[in-house]
Number of protein chains: 2
Amino acid sequence: MGLIETMHKPHDRLASALADDMAAVNALIRARMASEHAPRIPEVTAHLVEAGGKRLRPMLTLAAARLCGAAGDAHVKLAATVEFIHTATLLHDDVVDESTRRRGRPTANLLWDNKSSVLVGDYLFARSFQLMTECGSLRVLDILANASAVIAEGEVLQLTAAQDLATTEAIYLQVVRGKTAALFAAATEVGGVIAGAPEDHVRALADYGDALGISFQIVDDLLDYGGSADSIGKNIGDDFRERKLTLPVIKAVAQADAAERAFWVRTIEQGKQVDGDLEQAQAILARHGAMEAARADALAWSLRARGSLSVLPAHPIRGMLEDLADYVVARIV
Amino acid sequence: MGLIETMHKPHDRLASALADDMAAVNALIRARMASEHAPRIPEVTAHLVEAGGKRLRPMLTLAAARLCGAAGDAHVKLAATVEFIHTATLLHDDVVDESTRRRGRPTANLLWDNKSSVLVGDYLFARSFQLMTECGSLRVLDILANASAVIAEGEVLQLTAAQDLATTEAIYLQVVRGKTAALFAAATEVGGVIAGAPEDHVRALADYGDALGISFQIVDDLLDYGGSADSIGKNIGDDFRERKLTLPVIKAVAQADAAERAFWVRTIEQGKQVDGDLEQAQAILARHGAMEAARADALAWSLRARGSLSVLPAHPIRGMLEDLADYVVARIV
């Protein structure tokens, strides 16, 4: 990929505009993932944190804060907080999903064990909690406490509802808000709050994060059935093998004939999968235009994200956030 | 056990003196463990919360708060917070330890699965975080955030140091502070803080919780090698099978001859255990007076807990807390 193309990515433009803040966030993350007594903690954390993740969530906090005129360093602490919550969630997710690859590398639960992933995740939650407490804003604590509850509830809901073919798009949206959009929305909202932004700006930032997160997750679902392991750093078909009812499948199930329904019952509800089933699933999704329909939904959420920023004053960072909403769906158009 | 004997237990006297508060705590726990969307959450939580645990930690918060003249209902919220943190920790502990029994019943990870235990534990952490934020005290949040970090660090330390025969009593104490005493100390400390107690009283309450927790854990270690499954509701020898270097073993290792050292290396470091090893371990512990020495340590910590309360004004609840310190070690004398 050429330098010019790289520099045009809104994510990279944000990283460039927020470079000093991001350096401070990275330094803070390294300092706070240390443990005097338990070296396993920084080992496991570093494996994940330094694997080249996009740092999208902390960047959203920094962007929202700077867009709203933040000074001081509280927004840096909140950005690190958000990344710690995200990292803790990833560690636990990989245990729950029995994943073997994350960000193109073996997962921590594979390299160490499930125990380390559970306990180091707990440690990072606790660290995030210390960091946000240091900021001294009860409203910020309230937002992040509520987001944490929505995240955990969404994960449990996914666990229990995932293999139920009766899952509707409405339930899907609840799960997605829990697993992705709640933290995106909290990330942008606390950025506005800590900068002392007016209420309508804070609300707009929360809406932006929510819609961006939903769009982001639908794209992730689509890539799991159509991207390449090389480009997304995870195994194609993970969701199918884990019997997750993602948006394309929900749409295809709604239109399934008897034979197709029997296929979904066997592979998703009963989990009896054989070689060739993933390709068969992909063929059914294509037959009903389920991928196209999910793609349209992702685009609509992306537009909603972009539109929500219109109440905010003109600012280079606002433009980058708008472009980011476009870029999230660019992977699937 | 007769009614009179039961009523003499300091724990039951505390429960009686704090009955209205405890009823409010129990109602709050039931209300906050609900989940509109994910019924698995209250199912798993109820299994553990309603299994007849002693509610020791929330009672400590209530006792400290009332002893310091608390009014309002913030202390009730903090007591529920502490119980949620404890319950979350138990759910994750049972996954990490691969336990099959807890409070005399099959563990949640056995009845449901590890995934549910991990995610419901996360949900309860988030709920505890919401509850404490509602109290609106940044100092309370700071205490509980720090306790959460010490707890998680202690668990990881136990995971990595547990099977190392070089573990000293000093390291053991760090682990114990993490796994037990940090939450005991936070429970009593936040009770004092929320009641607006003077600094020396808050300090005394934190010291009491710390020493009580250490004493409590050493007793737990002792019972694992000497109690009965019936009386403690867990399997005898769990710690040995899980290759945990608990205090009696650390003391015996320090005095081991070559044959005994080889035994500990094989059973604890290498984890190669065969039938009869538990009995052999018990014989070695007895031979070196390791059980007696650990018992003496537990008693010393119990006395320290009792003594730390001397700065507090005379109050029926103070007397019950002093008696509780005695009672914790009564199981082993």
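Residues numbered from 1 in each chain as written. Chains lettered and ligands numbered in written order. Predicted model: local features only at pLDDT ≥ 70, side-chain atom pairs only at ≥ 80, totals over all residues.

## Describing the overall build of chain A
As a reminder, the rule being used: Strands here are runs of E lasting at least two residues and helices are runs of H or I lasting at least four, both read from the DSSP assignment and numbered beginning at the N terminus. Radius of gyration means the value over C-alpha atoms here, while the globule rule gives 2.2 Å times the residue count to the 0.38 power. The exposure scheme places C-beta atoms from the backbone and then counts, for each residue, the other C-beta atoms within 10 Å of its own, assigning buried at 20 or more, exposed at 12 or fewer, and partly exposed in between. We call two residues in contact when the distance between their C-beta atoms, placed using the backbone, is within 7 Å.
When helices and strands are counted, chain A shows 18 helices and 2 strands. Taken over C-alpha atoms, the radius of gyration comes to 20 Å for chain A, in line with the 20 Å a tight globule of 333 residues would show. Seen along its three principal axes, the alpha-carbon backbone of chain A occupies a region of about 60 × 50 × 40 Å. Counting over 333 residues, chain A shows a buried share of 54%. Look at the contacts in chain A between residues 6 or more apart in sequence, and 74% of them connect residues 24 or more apart.

## What to know about the relation of the copies chain B and chain A
Put simply, the test is: Copy-to-copy alignment: least squares on C-alpha atoms, limited to residues at pLDDT 70 or above in both.
With an RMSD of 0.0 Å, chain B superimposes on chain A once it is rotated by 180° and translated 0.0 Å along the axis. In short, the pair behaves as if placed about a two-fold rotation axis. Comparing interface residues between copies, 100% of those in chain B also sit at the interface in chain A, which points to an isologous, same-surface contact.

## So, unusual backbone geometry
Negative phi characterises most residues that are not glycine, and trans characterises most peptide bonds. Its identity as a non-glycine residue notwithstanding, R55 of chain A has a phi of 55°, on the positive side. Here R55 of chain A is to be found in the loop between helix 4 (40–49) and helix 5 (56–67). Classification of R55 of chain A as buried rests on a count of 22 C-beta atoms within 10 Å. Positive phi values are uncommon outside glycine, yet R243 of chain B reaches one of about 60°. Mapped onto the elements, R243 of chain B comes out in the loop between helix 13 (238–241) and helix 14 (247–254). Among the residues examined, R243 of chain B registers 16 C-beta atoms within 10 Å and is labelled partly exposed.

## Side note on the interface of chain B and chain A
The partner chain A presents 37 residues to the 37 residues of chain B that form the contact. Every element with two or more residues in the side of chain B that touches chain A is listed here: helix 4 (40–49), helix 6 (74–97), helix 8 (114–134) and helix 9 (138–161) of chain B. For the side of chain B that touches chain A, the element with the most residues is helix 9 of chain B, which contributes 14 residues.

## Side note on helix 18 (residues 316–330) of chain B
All names here are of chain B. Convention followed: One less than the residue count of a helix, multiplied by 1.5 Å, gives the span that helix is expected to have.
Its 15 residues place the ends of helix 18 21 Å apart at the C-alpha level, agreeing with the 21 Å of an ideal helix rising 1.5 Å per residue. Burial in helix 18 covers these residues: I317, M320, L321, L324, A325, V328 and V329. Where the residues of helix 18 are buried, they touch helix 2 (10–17), helix 5 (56–67), helix 11 (199–226) and helix 17 (290–308).

## Digging into the nonpolar core
Put simply, the rule is: By definition, a nonpolar core groups buried Ala, Val, Leu, Ile, Met, Phe, Trp, Tyr and Cys residues that are joined through C-beta atoms within 7 Å.
A63, V140 and I194 of chain A together with A63, V140 and I194 of chain B are the most contacted members of the largest nonpolar core, which has 229 residues in total. Here I194 of chain A is in contact with A65, A70, A74, H75, L78, C135, S137 and V140 of chain A, once residues within four sequence places are set aside.

## Topic: the packing of helix 10 (residues 169–194) of chain A against helix 11 (residues 199–226) of chain A
Residues and elements named next belong to chain A. Selection rule: Here an axis means a line fitted to C-alpha atoms, over the contact stretch when the element is a helix, while the angle between two N-to-C directions is reported on a 0 to 180 degree scale. Note on terminology: angles under 35 degrees are roughly parallel, angles over 145 are roughly antiparallel, angles of 65 to 115 are roughly perpendicular, and the others are oblique. Helix crossings are classified by the rotation of the near helix relative to the far one: an anticlockwise turn of less than a right angle makes the crossing left-handed, while a clockwise turn makes it right-handed.
In contact at an axis separation of 7 Å, helix 10 and helix 11 are set at 150° when each is read in the N-to-C sense. Considering the angle they form, helix 10 stands roughly antiparallel to helix 11. At the point where helix 10 passes helix 11, the crossing takes the right-handed sense. For the pair formed by helix 10 and helix 11, the contact residues are V176, K179, T180, A181, F184, A185, A187, T188, E189, G191, G192 and V193 on the first element and H201, V202, L205, A206, Y208, G209, D210, L212, G213, I214, F216 and Q217 on the second.

## Structural notes on the environment of A31 of chain A
If you trace the backbone, A31 of chain A turns up in helix 3 (residues 19–32). According to the C-beta neighbour criterion, A31 of chain A is exposed, with 9 such atoms within 10 Å.

## What to know about the confidence of the model for chain A
Residues and elements named next belong to chain A. Applied cut-off: The quantity called pLDDT is the predictor's confidence in a given residue, expressed from 0 to 100.
This prediction gives chain A a mean pLDDT of 89; 94% of its residues lie at or above 70. Between the elements of chain A, mean pLDDT differs from a low of 47, seen in helix 12 (residues 229–232), to a high of 97, seen in helix 5. Every residue in residues 1–7 scores below 50 in pLDDT, and together they form 3 contacts with partners more than four places removed in sequence or on other chains. Taken over the whole predicted complex, pTM reads 0.88, whereas the ipTM for its chain interfaces reads 0.86.

## As for the environment of R102 of chain B
Residue and element names in this part refer to chain B. Residue placement: R102 occurs in strand 1 (residues 101–102). A tally of 22 C-beta atoms within 10 Å means that R102 is categorised as buried. Residues R102 and L91 lie 11 residues apart in sequence; the distance between their C-alpha atoms is 9.8 Å.

## Some words on helix 9 (residues 138–161) of chain A
Helix length check: helix 9 of chain A (24 residues) gives 34 Å between terminal C-alpha atoms against 34 Å at 1.5 Å per residue, within 8%. With 19 of 24 residues buried, helix 9 of chain A lies mostly within the body of the structure.

## Re the environment of A63 of chain A
Residue and element names in this part refer to chain A. Mapped onto the secondary structure, A63 falls in helix 5. Given 27 C-beta atoms within a 10 Å radius, A63 is considered buried. With 12 residues separating them along the chain, A63 and H75 place their C-alpha atoms 9.5 Å apart. Discounting chain neighbours no more than four positions away, the residues touching A63 are L14, L18, G191, I317 and L321.

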